[in-house]
Amino acid sequence: FLRETFLHRFIPFDGAIAFHKYIAFLALFFTALHCIGHAINFYHVSTQTANDLICLFRDFFHATDELPKFHRWCWTTIAGITGVLCTIVIILMYVFGIQYARRHAFRWFWFTHNMYVLLFILTVLHGAGRLVQPPFFHYFFLGPVIMYTLDKLVSVSRNKTEISVLKAELLPSDVIYLEFKRPQGFEYKSGQWVRIACLAQGSSEYHPFTLASAPHEETLSVYIRAVGPWTMNLQRTYNPALVQPGALPKVYLDGAYGEGHQDWYRY
């Protein structure tokens, strides 16, 4: 909606993926810095005398003169346990977020990337332990998560309609052409893209493809190249030699997205 307003002159809405990657690299850098800082803290705290420890942590109660060791800070405190779990979740998200994993193990990429909900819950709990200072992450988190939740509610509220595939054709270079019915009231611009889920492969896994049909046509069409597990399975699913024309599996459609004629001035 905002893309259609004057704000598109100032905010690169269609550069969201690149912006997402910049934020991810910053998050990884500061995560590593955070872990290194805690490692230094653990060393100093574990080697301090009991009296010095009381000065450093005025709210920390320890019944004996025996100094807590690393395993006590790490595994018997809320901040320690949630910190370890946060680090594991982040490692999984970044390992499966690389290009190779996305191309060859998309389901794992999608599953680990959706662990962001768990990551934010652990982050809030991590600060709630008050090991170093009162928590304040939620002040920065509250505004964006409200906007994100509203956006998700709009997406979930969209009715999922099963759309019949009218035609499938295998083309050279491992490309398959799909033509399907245009939903009633579906409007789009040239250059926009849609998210498609093949019901034969699961109704929850969507992949984006540019619409090849013109806005005035009565049907929608896409050209999909088989470059990964999902698209290769799609090619086999709609292979005209294996499937009768009237028995082509249906699809879910979500969109259209993106700005029409985007970046045309560069070419």
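These figures come from a predicted structure and were not determined experimentally.

**Some points on the overall build of the protein**
Next, step 1: Tallying secondary structure elements over the protein gives nine helices and six strands in all.
Next, step 2: Buried residues in the protein amount to 28% of all 267 residues.
Next, step 3: Long-range pairs, those at least 24 residues apart, make up 61% of the contacts in the protein between residues at least 6 apart in sequence.
Next, step 4: Accessible area of the protein: about 18,500 Å², with a carbon and sulfur share of 65%.

**Digging into the nonpolar core**
Next, step 1: By size, the foremost hydrophobic cluster in this structure holds 23 residues, and its most contacted members are Leu178, Phe180, Ile196, Val222, Tyr238 and Leu253.
Next, step 2: The contacts of phenylalanine 180, once residues within four sequence positions are left out, are Ile163, Ser164, Val165, Leu166, Ile196, Thr219, Leu220, Val222 and Leu253.
Next, step 3: Within the second largest apolar cluster, seven residues are counted, among which are Val89, Met93, Met115 and Leu119.

**As for the packing of aromatic side chains**
Next, step 1: Under the criterion given, the structure shown has 16 aromatic pairs.
Next, step 2: Residues phenylalanine 120 and phenylalanine 137 carry aromatic rings whose centres are separated by 6.4 Å and whose planes lie at 20 degrees to one another, so their mutual orientation is stacked. A residue pair is termed long-range when its members are at least 10 positions apart, and phenylalanine 120 in helix α7 (residues 116-128) and phenylalanine 137 in helix α8 (residues 137-157) qualify at 17 residues.
Next, step 3: The partly exposed category is assigned to phenylalanine 120, whose relative accessible area is 32%.
Next, step 4: Residue classification places phenylalanine 137 among the partly exposed positions, given a relative accessible area of 29%.

**Examining a nonpolar patch on the surface**
Next, step 1: Together, Phe19, Tyr22, Ile23, Leu26, Phe29, Phe30 and Leu33 line one region of the surface with nonpolar side chains, adding up to about 790 Å² of accessible area.
Next, step 2: As for its placement among the helices and strands, tyrosine 22 is situated in helix α1 (residues 16-47).
Next, step 3: Accessibility expressed as a relative area gives 57% for tyrosine 22, which makes it exposed.

**Considering the sheet that holds strand β4 (residues 207-210)**
Next, step 1: The three strands are arranged β4-β3-β6 in an open sheet whose pairing can be described as antiparallel. Strand pairing shows two members of the sheet lacking a second neighbour, β4 and β6 (251-257), which therefore form its edges. Adjacent strand axes in the sheet meet at a mean angle of 30 degrees, parallel and antiparallel pairs treated alike.
Next, step 2: As paired elements, strand β3 (residues 193-198) and β4 share four bridges and run antiparallel to each other. Across the sheet, the residue bridging to arginine 195 is proline 208, located in β4.
Next, step 3: Sheet strands touched by helix α9 (residues 229-237): β3 and β4. Its angle to β3, the strand with the most contacts, is close to 70 degrees.

**Details of unusual backbone geometry**
Next, step 1: One non-glycine residue, serine 173, adopts positive backbone phi at about 65 degrees.
Next, step 2: With respect to the helices, strands and loops of the structure, serine 173 is situated in the loop between β1 (165-171) and β2 (175-181).
Next, step 3: One non-glycine residue, aspartate 174, lies in the positive phi region at around 60 degrees.
Next, step 4: Its place among the elements puts aspartate 174 in the loop between β1 and β2.
Next, step 5: We classify aspartate 174 as partly exposed; its relative accessible area is 46%.

**Observations concerning the packing of α1 against helix α4 (residues 78-95)**
Next, step 1: Interhelical geometry of α1 versus α4 gives an angle of 145 degrees and a closest axis separation of 12 Å. Read as a crossing pair, α1 and α4 show a hand that is left-handed. Touching Ala24, Phe25, Ala27, Leu28, Thr31 and Cys35 of α1 are Thr87, Ile90 and Tyr94, all from α4.
Next, step 2: Considered class by class, the residues forming the contact of α1 with α4 number seven nonpolar, two polar and no charged.

**Quick word on the pairing of β3**
Next, step 1: Pairing analysis gives six bridges linking β3 to β6, with the strands arranged antiparallel. When the bridges of β6 are listed, valine 194 appears paired with glycine 255.

**Some remarks on the sheet that holds β2**
Next, step 1: Pairing is antiparallel in the open sheet, where three strands are placed in the order β1-β2-β5. Across the chains shown, the open sheet's two edge strands, defined by having one partner strand only, are β1 and β5 (219-225). Across the sheet, the mean angle from the axis of one strand to that of its neighbour is 15 degrees, orientation sign disregarded.
Next, step 2: Pairing geometry for β2 and β5, over seven bridges, is antiparallel. Looking across to β5, one finds that valine 175 is bridged to arginine 225.
Next, step 3: On top of the sheet, α9 reaches β1, β2 and β5; it is set at about 70 degrees to β2, its chief contact.

Rules behind the numbers
Residue numbers here run from 1 along each chain, matching the order of that chain's written sequence. At least 70 in pLDDT is required for a residue's local features to be given in this predicted model, at least 80 for side-chain atom pairs to be given and counted, and no such filter applies to totals for whole chains, interfaces and linings, which use all residues. For the side-chain quantities, the full set of heavy atoms in the structure was used; hydrogens and water were omitted. In this description a helix means any DSSP run of H or I spanning at least four residues, a strand means any run of E spanning at least two, and both kinds are numbered starting from the N terminus. Buried means the residue's accessible area, taken with a 1.4 Å probe over protein chains only, is under 20% of the maximum for its type, while exposed means over 50%, and partly exposed covers the values in between. It only takes one pair of heavy atoms within 4.5 Å for two residues to be counted as in contact. The Shrake-Rupley method, run with a 1.4 Å probe sphere, supplies the accessible areas, and residue values consider only the shown protein chains as cover. The definition of a nonpolar core used throughout is a set of buried Ala, Val, Leu, Ile, Met, Phe, Trp, Tyr and Cys residues joined through side-chain atoms within 4.5 Å. Between 30 and 60 degrees the pair is tilted, below 30 it is stacked and above 60 it is edge-to-face, where a pair is any two Phe, Tyr or Trp rings, Trp via its six-membered ring, whose centres lie within 6.5 Å. Like-charged residues within 9 Å of one another, or nonpolar side chains (Val, Leu, Ile, Met, Phe, Trp, Tyr) within 5 Å, are grouped into patches, provided each residue has over 30% relative accessible area and no salt bridge. A pairing counts as a salt bridge when a side-chain nitrogen of Lys or Arg comes within 4 Å of a carboxyl oxygen of Asp or Glu. When DSSP finds two or more bridges between a pair of strands, those strands are recorded as paired. Orientation is described by axes fitted as lines to C-alpha atoms, over the contacting stretch for helices, and by angles from 0 to 180 degrees between their N-to-C directions. Crossing handedness follows the turn of the near helix against the far one: under a right angle anticlockwise gives a left-handed crossing, and clockwise gives a right-handed one. Only Asp, Glu, Lys and Arg are considered charged in this grouping, and only Ala, Val, Leu, Ile, Met, Phe, Trp, Tyr, Cys and Pro are considered nonpolar; every other residue, Gly among them, is considered polar.

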